[in-house]
Amino acid sequence: MMEDFNSETDSDYTSYWRDWFISSRGNEYFCEIDEEYLTDRFNLTGLNTEVPYYQYALDLVTDVFDLDADDDLREQIEKSARHLYGLVHARYIVTTRGLAKMLDKYKKGDFGKCPRVMCDGHPLLPVGMHDVPNVSTVRLYCAKCEDVYNPKSSRHASIDGAYFGTSFHSILFQVYPALVPEKSVRRYEPRIYGFRVHASAALARWQDRFREDMKARLHEAGVEAKYIEDSEVEEDLDSEDDDEEQSVDTKNERVVGDAASGRMDLGH
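Values in this document were obtained by computation on a predicted structure and should not be read as measured data.

> Hey, could you run me through the layout of surface pockets in this one?
Take a probe with the size of a water molecule and roll it over the atoms, and the empty space left behind shows itself. One number sums up the size of the largest pocket: a volume of about 390 Å³. What lines the largest pocket is a set of 17 residues, and nearest its centre among them are Lys 79, Arg 82, His 83, Asp 160 and Tyr 163.

Printed below as a string of structure tokens:
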């Protein structure tokens, strides 16, 4: 029955557990790890301290598990086996064999297309934001706009980013430089009735909004700070007050002068 399974590895068949894991919904980002790689202890250096039930988990992944365990223990070992496979996967996909398998999935668009309109549906690559597990989930990298995105499916969004690592996509394009696309230089330009919005106007609006936000944050922090514009406004107000005072003084001087010369109508 096992001979009915097709495999990309050098072995004649795919082990039951790995075949189940790769074909499970939500695990489409993973490639199959060669059995020779899994059985080479050098490739697993240091993982025994990071994975609970390490030996049982390794036996399950390599399909040599032979332990009559209860359901609870079996569930724990199964969880450890998935975690172990993910950690080994991060190491495997930066090897020559692993890069070739991930490249094939990349060309087929198994990781999705870039949601940015200007990228014209360019294929994505899974990338981790951290190499340490249980820190962040997997993201998708677009080589055209050089930005990262969240997976659309919630099943993929829950995958640990450490199972792909932070270096995989960079190594892939170093090994296959012909795959590096031309950078996206097109940008969306807002228009009003077909006319482009002037850049200086947009910049002025952004500066005003940023200034008001900064003032609010400083006020909340108890810091009283004045901007140059505020000083100019105060100077304008002071100048207006001075002009008014000067006008009043001039008027008073005129009244006093008229009274002294006898030209002031005291009847009014």
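Next comes the rest of the description.
> What is the right way to read the side chain of Arg 18 from this model?
Summarising the element assignment, Arg 18 is placed in helix H1 (residues 16–23). For Arg 18, a relative accessible area of 0% corresponds to the buried category. Once residues lying within four places of it in the same chain are set aside, the contact partners of Arg 18 are Glu 32, Ile 33, Asp 34, Glu 35, Leu 38, Val 61 and Tyr 85.

> Would you explain the nonpolar core in this entry?
Side chains of nonpolar character tend, in soluble globular proteins, to be buried together. Leu 84, Val 88 and Phe 164 are the most contacted members of the largest nonpolar core, which totals 47 residues. Only H1, helix H2 (35–38), helix H3 (54–61), helix H4 (71–92), helix H5 (96–108), strand E1 (125–127), strand E2 (139–142) and helix H7 (168–175) provide two or more residues apiece to this core. Ignoring sequence-local partners within four residues, the contact set of Val 88 consists of Ile 33, Tyr 37, Leu 38, Leu 44 and Leu 47.

> Even after reading the chapter, I still don't get H1, so can you show me in this structure?
Along an α-helix, residues three or four apart share an orientation, since each turn contains 3.6 residues. Those residues of H1 that sit buried are Trp 17, Arg 18 and Phe 21. Projected down its long axis, H1 shows its buried positions confined to an angular sector of 95°, all on one face. Taken together, the buried residues of H1 touch H2, H3 and H4.

Reading the values: the criteria
Residues numbered from 1 in each chain as written. Predicted model: local features only at pLDDT ≥ 70, side-chain atom pairs only at ≥ 80, totals over all residues. Heavy atoms only, no water. 1 Å grid on protein atoms, 1.4 Å probe; cavity = no way out; pocket = protein on both sides within 12 Å on 5 of 7 lines; lining within 4 Å. Points joined across faces, edges and corners; volume = space filled by probe spheres on them. Helix = DSSP H or I, 4+ residues; strand = E, 2+ residues; numbered from the N terminus. Buried < 20%, exposed > 50% of the residue type's maximum accessible area, 1.4 Å probe, protein only. Contact = heavy atoms within 4.5 Å. Core = buried A, V, L, I, M, F, W, Y, C linked by side-chain atoms within 4.5 Å. Arc of directions from axis to C-beta.

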